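Coordinate inspection notes
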Amino acid sequence: MRNITQENITQAVLDSLSDTPDPRSRKIFRGLVQHLHDFARDVELTEAEWFTGIQFLTATGQKSDDKRQEFILLSDVLGLSMLTVAMNNDKPAGCTESTVFGPFYVEGAPHCEYGDDIARGAVGEPCEVTASVRGLDGTPVANAVVDVWQADAEGRYDVQRPELDHAQGRGQFRTDAQGRLRFRTVLAEAYPIPVDGPVGRFLGAAKRHPWRPAHLHFMIQAPGYETLITHVFREGDAYLDSDAVFGVRQSLVAPWTRRLEGGHALHYDFVLDARPA
Ligand code: BEZ
Ligand code: FE
């Protein structure tokens, strides 16, 4: 009989996983065990602390449902979402960079035409957005499917307003023959990520704020190109350097200009990465 000790337990668990048939799963399982054990040793984890950790993870699961995904939020505030995005979306120079997806995308957003208003009554100052979608060689990408979603002036997405019976601040467009896109909306403002759950308690314990700098979300899909999931951030926002989910990239920060006739305007040129043949 093997005598399990704190010296040999890590190897024992690693050995128990060495027959995992799928090589990728084997690597992930073993890596996870190695790092978890290293972590426990490194911080000299007490039993009471690990029980607190279990309670925290339990609460994270209990807070999650089909509308709220507290585990994604946890991954976001720990920078794990953005690390995974950055590691897996290394693109040639000149392509638009990717950032986190976030929890507020909704499938089946209203179909919109060039120039439509996606605010549909959302509160905020008027704003016109124009954009182009091109390949790295400058070819316009016609008929690309472009999903847009954003928070309103009070920093809330439509899905955070249970009283609403229609979509606000979101829509799905197709680029025109020149790869262009235009829509009217309201000015996006900075907003706090949800803090009424365990992730909020974690941020509080670490004395971290929950704010994200103002941004628009875009997902752009076109045959022959990698799908682009990204944001455009508002230049000058106070939270650009301390985004609660570490999603900011310099190349995604753009100026919103004030228009003489009132309201605001943004133009952004997206460059897609061609999918390998
Ligand atoms: C968002 O930008 O919608 C978002 C991203 C990560 C966490 C919470 C919100
Ligand atoms: Fe957002």
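Numbers given for residues are sequential positions, taken from 1 along each chain in its written order. Here every chain gets a letter starting at A, and every ligand a number starting at 1, in the order they are written. Where local features are concerned, this predicted model is filtered to residues with pLDDT of at least 70; where side-chain atom pairs are given and counted, the filter is 80 or more; whole-chain, interface and lining totals use all residues. Think of the side-chain values as coming from all heavy atoms in the structure, minus any hydrogens and water.

1. Some points on the nonpolar core
Take the buried residues of types Ala, Val, Leu, Ile, Met, Phe, Trp, Tyr and Cys, join any two whose side-chain atoms come within 4.5 Å, and each joined set is a nonpolar core. Exposure categories follow from relative accessible area, calculated using a 1.4 Å probe and restricted to protein chains: below 20% of the type maximum is buried, above 50% is exposed, and the middle band is partly exposed. Phe183, Phe218, Ile220 and Phe270 are the most contacted members of the largest nonpolar core, which has 32 residues in total. Of all the secondary-structure elements, those providing two or more residues to this core are strand 1 (126-135), strand 2 (145-150), strand 4 (180-186), strand 7 (215-221), strand 8 (228-234), strand 9 (253-254) and strand 11 (264-272). The contact rule is simple, with two residues in contact once any of their heavy atoms fall within 4.5 Å. Ignoring anything within four residues of it in the chain, the contact list for phenylalanine 183 reads Gly115, Asp116, Ile118, Cys127, Glu128, Val129, Val148, Phe173, Leu216 and Phe218. Membership of the second largest hydrophobic core comes to 11 residues, among which are Leu74, Val77, Met82 and Leu203. Helix and strand labels come from DSSP, where a helix needs a run of H or I of at least four residues and a strand needs a run of E of at least two; each type is numbered from the N terminus.

2. Comments concerning the environment of threonine 257
Note that threonine 257 resides in strand 10 (residues 257-258). Each C-alpha atom, one on threonine 257 and one on valine 186, is 13 Å from the other, the two residues being 71 residues apart in sequence. When sequence neighbours within four positions are dropped, the list of residues in contact with threonine 257 reads Gly263, His264 and Ala265.

3. Brief notes about the sheet that holds strand 10
The criterion for strand pairing is that DSSP finds at least two bridges linking the strands in question. A sheet is described by the order of its strands in space; here 4 strands give the open sequence 4-1-11-10, paired in mixed fashion. Each having just a single partner strand, strand 4 and strand 10 make up the two edges of the open sheet. As paired strands, strand 1 and strand 11 are joined by 9 bridges and run parallel to one another. For threonine 130, the partnering residue across the bridge sits in strand 11 and is histidine 267.

4. Overview of the sheet that holds strand 2
Reading across the sheet, the 5 strands line up as 3-2-7-8-9 and stay open at both edges, with mixed pairing between neighbours. Looking at the sheet topology across the chains shown, the edges are occupied by strand 3 (170-174) and strand 9. Judged from the 5 bridges that link them, strand 2 and strand 3 form a sheet pairing that is antiparallel. Opposite valine 148, over in strand 3, you have glycine 171 as the bridge partner.

5. Some thoughts on the coordination of the iron ion (ligand 2)
Only nitrogen, oxygen and sulfur atoms count as donors, using a 2.8 Å cut-off from the metal that widens to 3.2 Å for Na, K and Ca. Water is left out, so coordination shells may look unfilled. Those protein atoms acting as donors to the iron ion (ligand 2) are Tyr157 (OH), Tyr191 (OH), His215 (NE2) and His217 (NE2), and they sit at 1.9 to 2.1 Å. Geometry assignment treats four donors as tetrahedral when all angles are between 85 and 135 degrees, treats four as square planar and six as octahedral when opposite donors are over 155 degrees apart and all others between 65 and 115, and treats everything else as irregular. Note that the iron ion (ligand 2) binds 6 donor atoms; their angles at the metal cover 54 to 163°, and the shape is irregular. Read in sequence order, the donor residues coordinating the iron ion (ligand 2) give the pattern Y-x33-Y-x23-H-x1-H. With a gap of 60 residues between them, tyrosine 157 in the loop between strand 2 and strand 3 and histidine 217 in strand 7 connect regions that are remote in the sequence. Tyrosine 157 gets classed as buried once you look at its relative accessible area, which sits at 1%.

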